[in-house]
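This is what each chain is made of:
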Amino acid sequence: MAELALPSPARSLKDIPALRQLIMLVGVAVAVAAGFTVFSWSQKPDLAPLYGNLADKDAAEIGESLRAAGIPFQVDTATGSVSVPAAQVHEARLKLASQGLPRGSAQGFELIQQEQGFGTSQFIETARYQHALETELARSVATLQPVRAARVHLALPKASAFARNREAASASVLVELHAGRTLEADQVASIVHMVASSVSNLQPSAVTVVDQNGRLLTREGDSQMGQSSEQFDYARRVEADYVRRIEQLLTPMLGAGRVSAQVTADLDFSVTEEARESYKPDSAAVRSEQTSEEQQRAPAGPAAGIPGATSNQPPPQTANPPLNQLSGAGGSAEAPLSQSKQSSRSYEIDRTLSHTRQPVGSVRRLSVAVLVDYVPRVGADKKVTMVALGKAELDKVNALVREAVGFSEQRGDSLSVQNAAFVQPDAVTPDELPIWQNPQLRDGLRHLGGALVVLVLIFAVLRPVLKQLLAAPLAPRAAPGALSAGAVPGMAADDVRVVSDGPVALGRGPGASAVAALPDPYDQKLQTARSAVSQDPKRVAQVVKNWIGQE
């Protein structure tokens, strides 16, 4: 007869009901916490850095603005960076930019509002004022759209009442541009004039503008290199304007993208001044005339006698002598002593004064080349084919281009219009990202993984634990030797033999060939509880509730 070993009377820890329920509750709590953590992680959006290396004041202001706007954010206390969801980065930056954030740690005229302290020297006050002025100018320059940040350095000479020749002030501006942005020439000139107008005794020629790559943006107007660069830019603008005219004129007739034009302009940048003064003597006109005539007459006889009143008496009155009587004849006629006549006449002559200065950048010669694509035509078979332009159409295009650019044969302009089929570029398909790099797929897999983890915790951990908690408490096992013949149904008294301090042998006589396993009382009670649960679950639930309340 085979023997079956019964358990030791000493209990294991898992057989203690209170400890077993405590372990189950701890397991449930850990499973719920793990599931909640995984679910929160799966639903949490990806964070992207908004601004980095922020001062505490800027980080606090940005946090308040984002909280008021309802945008979730996270602040890294170690680096001072602020992160927001990747989908809301641009929205957050726009909202912060509308409020002028971040302001930056540099202080402008706010320094003047601070306490100066007792005994502050004039040097400290001057240096503080200069620093505040530089900061304010940098803020003004940074408000331009292409400029990301700016720094201004001023060199202000110290005023002296004993120096006659005062040194001129100068300034340097360092601009940091956004990626892909550039400053136009007029924008650089506006920065120069703004800085020069904000500082006393600062000329625009003494302001230098440099970008973050070390390129000098200001140009010397008097230098030959600066003039050449300006002339080149002007020529390119003139050529681009001619090209724009041609394309705008031919696009409505030929279609968009079917015209390609290039213009080369030979411009005259020589400065010519001419002063001319011309006269027309044939067109003389009397302006003024003045005539003067003088006559003096003397008596016929010479003066005689003693000088005095008698000799100064007028001659006696005589009759008029005959007109034909010669002077001195008869001693009675008077002859003229002297006669003078003067005449002055002024003439006005036409005179022309002209001062001529030729315009700089005048067009000396134009070379125009226009390439026209084939145009679509519907054939007899109702199919669209690309057809070359006819001679009449090419002549029309040629005439339109001549009028658009102001073609002049006297100037030596040249024009060439060609008709050829454009080569269609191959369709470029965008490079598709690998499936594991697709952000939408990653988010979907993360959400699905979180949901699966929660379901596994529910069905693999929580459900068995709840079943164990709702099951009946363990009953104490019978001591060895407590088995009786009626404990197991269908078993006779001689089938049970109690072995002290040893296993229990089961069998039917000495020749028994089959060994029957002794049913465990715990299994019998478990089967009874299961049947009771299936028959009346409400009552069983009430019993379990009472047990938990008693524990």
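Our subject is the structure listed above.
This structure is a prediction, so every number in the text was calculated from the model and none was measured. (Residues numbered from 1 in each chain as written. Predicted model: local features only at pLDDT ≥ 70, side-chain atom pairs only at ≥ 80, totals over all residues. Heavy atoms only, no water.)

Asks: Sorry if this is basic, but what is going on with the sheet that holds strand β11 (residues 362-372) here?
Replies: One key point about sheets: their strands pair by backbone hydrogen bonds, in either a parallel or an antiparallel sense. Pairing is mixed in the open sheet, where three strands are placed in the order β8-β11-β14. Both edges of this open sheet fall to β8 (259-268) and β14 (414-419), since each of them pairs with a single strand only. Neighbour-to-neighbour, the strand axes of the sheet open up by a mean angle of 10°, direction not taken into account. Sheet topology note: the β11/β14 ladder contains six bridges and is parallel. Pairing of Ser 367 across the sheet is with Ser 414, part of β14. Sitting on the sheet, helix α8 (residues 391-405) touches β11 and β14, and the angle it makes with β14 is about 145°. (Pairing = 2+ DSSP bridges. Helix = DSSP H or I, 4+ residues; strand = E, 2+ residues; numbered from the N terminus. Axes fitted to C-alpha atoms, helices over the stretch in contact; angles between N-to-C directions. Contact = heavy atoms within 4.5 Å.)

Asks: Could you clarify how one ought to interpret the sheet that holds strand β5 (residues 147-155) in this entry?
Replies: Here we have three strands laid out as an open sheet, ordered β5-β6-β7, and mixed in their pairing. Since the sheet does not close on itself, it has two edges, and those belong to β5 and β7 (207-211), each with one partner. Each strand axis lies, on average, 15° off the axis of its neighbour in the sheet, ignoring direction. Where β5 and strand β6 (residues 170-177) come together, eight bridges link them in antiparallel fashion. Residue Ala 149 lies in a different strand from β6, and its bridge partner there is Glu 176.

Asks: When you look at the pattern of salt bridges in this model, what are you seeing that I'm missing?
Replies: Any two side chains of opposite charge can pair, so long as their charged atoms come close to each other. Scanning all chains against the criterion turns up 15 salt bridges. One salt bridge in this structure joins Arg 364 and Asp 266, with 3.9 Å as the shortest N-O distance. A residue pair is termed long-range when its members are at least 10 positions apart, and Arg 364 in strand β11 and Asp 266 in strand β8 qualify at 98 residues. Classification of Arg 364 as partly exposed rests on a relative accessible area of 42%. The exposure class assigned to Asp 266 is partly exposed, which follows from its relative accessible area of 34%. Salt bridges linked by common partners bring Asp 241, Arg 244 and Arg 245 together as one network. (Salt bridge = Lys/Arg side-chain N within 4 Å of Asp/Glu carboxyl O. Buried < 20%, exposed > 50% of the residue type's maximum accessible area, 1.4 Å probe, protein only.)

Asks: It is not clear to me how the side chain of Glu 134 should be interpreted in this structure. Could you clarify?
Replies: Structurally, Glu 134 can be placed in helix α5 (residues 122-142). For the buried Glu 134, which has no salt bridge, the nearest side chain bearing the opposite charge is Arg 151, at an N-O separation of 6.9 Å. Every residue in contact with Glu 134, bar those within four places of it in the chain, is listed here: Val 152, His 153 and Leu 154. (Lys, Arg positive; Asp, Glu negative; His and termini not counted.)

Asks: What is the right way to read α5 from this model?
Replies: In an α-helix, one turn spans 3.6 residues; hence positions three or four apart end up facing the same way. Under the 1.5 Å per step criterion, the end-to-end length of α5 is 30 Å for 21 residues, consistent within 8% with the ideal 30 Å. Burial in α5 covers these residues: Ala 132, Leu 133, Glu 134, Thr 135, Leu 137, Ala 138 and Val 141. Considering only its buried residues, α5 is in contact with β5, β6 and α6 (185-198). (Expected span 1.5 Å × (residues − 1).)

Remember, this is a structural readout, not a statement about activity or role.
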